[in-house]
Amino acid sequence: MATTLQFRQALRVGPPGDIWHKPALSAVATLGVLNLTLLALGRLDLALYTSAGGLGALYGHGLPYRARARTLAGVLLGTVLSTAAALTAAALTRDAVVLVAVAAGLAALHKLGCDAARIGPPGSLIITFTSASCAFVPQRPADLPPHLALTALGAALAWLVGMAPALLRPYGPERIATARALEAAARLARSAPGTPDAAARTALVGAVDAARQSLALSSPARWRALGDAPERLLVHAESALAAPAGPAAASTTASTTASTTESTTESAAESAAAAAERYTAWARDLRRGRPLPLLDLTEAEAAELRAHRPGPRPSLRQALRPGSALLPIGLRVAVGCAAAGWLSLAFGVGRPYWAVVTAASVFQANSTLSWHRALQRVLGNLIGLAVFTAVLPLAHSGQPAMIGLGLLCQFGAEATIARSYWLATVFVTPMALLMTEFAGLQPARTLVADRWLDTCVGALTGLAACLLVTNRRTATRLSRALAGAETATREARIAAAAAADAATAAVGSEAAAVRSGLATALLELREAADAATGEWRRPALPHQRTADAEQHAHHLLAALLERRGARP
């Protein structure tokens, strides 16, 4: 039963994302060029096809440009192929029941592919929205090539816009990823000395791992431009974990020439505050593109820096292997989206793909998060419909005004999506309705009624699918992650004992590999525990054993880092 606290959690508005402006400006630039070009040609009715490719400008903004080029190409190719499948279905049949099935199948494939490949925000929803919309636009076989060409044109422009910032800041994403790790270290250092904070420690482990992955994906030319300064900063950020019960020791393991002159009588709280200030200052320099300091390292830290290589990410095949916890979610999407579309048809709604998209938006990593998303979607759509009704007179004043309002809503959605999904949906709803009117003005009352009904149908059907299609594999994943964490802990304990008797440089490579494996196991355990805890129908979970495993892993990480940072 939902509690007041759960409602508050679902509707909480968080802080803005640190790079929210990048996808927002990229999408506005791409769609603005495409829509204004079509307006000049008198063919704004073709905006759906160009937008299907142009919305790809929302992807990949956290990736180094070398990796972004590949990821964007993959996402955009998938978008063009999905659009081709939807348009082909629309050309072959006018049976809405069949088209709903096609849209639902595509939605399930999008969800599985994006989750398995760990495609970041906005995930599969944008591709599902565009392909479902295209499936219900009447087509003739002769129209397929030009319409697909427009989608490919929009995709090509999206790729160029997404890669354009590389001309100004070729290593901006790597700097931002490193800055996030330093900011996570600062947050841990500001927590009360002597008070363990498992969430802050896990967040720092994850931020350091993400930064190292980003640096590993970077172009080899980065070494000529930045050297190993980012890696040295990450070594110092990671040192904030060296104190098992608090961050006070971070100031001794993450020191610079200036910090070595600090008085040894300084209190733990003052030392932690000083460390936090250093981390914050370094992060600020990274974000502003300033020259990076070349920090001193101990012999052991230098040895590990030379030997450290981030562990490989799971491949697409591994993520979708039999027994994967992603497969039930894919089944949920297929069943829920199909049921939502067919139920919408039964109610006589003229645009059942809205119900399909709503159901697709509901499905998250577990049932609890799906319930939160359904609540957010319904609330955001209700307010968004009010906004659409208010701006309708201005939108109907001319196509340029309609385009401008659509771009403004697109910017607002990207500006707020990191803060709260329901808040972003307030902008998404009028944007989607305005895009519907690009092909011709529609009766406002019918649009609003159809949208509201489809939203309710899609949300309720999606939640019903979560109840009917159980995902007990989240518990299995947690069991595997727990066993992996315990194995990594045993190996780390052996490595810690060996490091006490061996030459520091000699064990640098082995210690780095062991600690990297322990950090990876710890992150997987936390992710698996969060996913399993949020499932409604599942076996009993080993909560205490999980908490103990996390505590032991953090303790050993601290011991290994303290040994690494010790100066002769």
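This text gives an overview of the structure that appears in the document. Remember, it's a predicted structure, so these values are computed and weren't measured experimentally. (Residues numbered from 1 in each chain as written. Predicted model: local features only at pLDDT ≥ 70, side-chain atom pairs only at ≥ 80, totals over all residues. Heavy atoms only, no water.)

**Comments concerning the environment of His147**
And then number 1: Within the secondary structure, His147 is located in helix α7 (residues 144-163).
And then number 2: Judged by its relative accessible area of 11%, His147 is buried.
And then number 3: For the pair His147 and Leu87, spaced 60 residues apart in sequence, the C-alpha separation works out to 8.6 Å.
And then number 4: With residues near it in sequence (within four places) discarded, His147 still touches Leu46, Tyr49, Leu87 and Gln139. (Helix = DSSP H or I, 4+ residues; strand = E, 2+ residues; numbered from the N terminus. Buried < 20%, exposed > 50% of the residue type's maximum accessible area, 1.4 Å probe, protein only. Contact = heavy atoms within 4.5 Å.)

**Let's talk about empty space enclosed by the protein**
And then number 1: A complete count under the given rule lists five cavities of 30 Å³ or more for this structure.
And then number 2: Within this model, the second largest cavity holds a volume of roughly 70 Å³.
And then number 3: Taken together, Leu31, Asn35, Ser51, Gly406, Leu407, Gln410, Met431, Met435 and Phe438 make up the lining of the second largest cavity.
And then number 4: Breaking the lining of the second largest cavity down by element, the ones donating at least two residues are α2 (21-41), α19 (399-416) and α20 (421-437).
And then number 5: Per element, the largest residue contribution to the lining of the second largest cavity is three residues, and it comes from α19. (1 Å grid on protein atoms, 1.4 Å probe; cavity = no way out; pocket = protein on both sides within 12 Å on 5 of 7 lines; lining within 4 Å. Points joined across faces, edges and corners; volume = space filled by probe spheres on them.)

**Things to note about the packing of helix α4 (residues 65-92) against helix α6 (residues 125-135)**
And then number 1: Put simply, α4 and α6 touch, their axes get as near as 7 Å, and they point 20° apart. The pairing of α4 with α6 is recorded here as roughly parallel in orientation. Between α4 and α6 lies a crossing whose hand is right-handed. Judged by residue contacts, Val75, Thr79, Ser82, Thr83, Ala86, Leu87 and Ala90 of α4 engage Ile127, Ser131, Cys134 and Ala135 from α6. (Axes fitted to C-alpha atoms, helices over the stretch in contact; angles between N-to-C directions. Parallel < 35°, antiparallel > 145°, perpendicular 65-115°, else oblique. Left-handed = near helix turned anticlockwise from the far one by under 90°.)

**Remarks on the nonpolar core**
And then number 1: Counting residues in each nonpolar core, the largest one holds 63 residues, and the members touching the most others are Tyr59, Cys337 and Phe438.
And then number 2: In terms of residues, this core owes the most to one element, helix α5 (residues 96-116), which gives eight residues.
And then number 3: If near-sequence neighbours (up to four positions away) are discounted, Cys337 is found in contact with Val100, Ala104, Ala107, Arg332, Val356, Ala359 and Ala360.
And then number 4: Within the second largest apolar cluster, 56 residues are counted, among which are Ala207, Ala211, Ala485 and Ala528. (Core = buried A, V, L, I, M, F, W, Y, C linked by side-chain atoms within 4.5 Å.)

**Thoughts on the environment of Val161**
And then number 1: The topology assignment puts Val161 in helix α7.
And then number 2: A relative accessible area of 18% places Val161 in the buried class.
And then number 3: For the pair formed by Val161 and Leu25, sequence separation is 136 residues and the distance between their alpha carbons is 9.6 Å.
And then number 4: Dropping the residues within four chain positions of it, Val161 is found in contact with Ser26 and Thr30.

Functional significance is not addressed by these values, which are geometric in nature.
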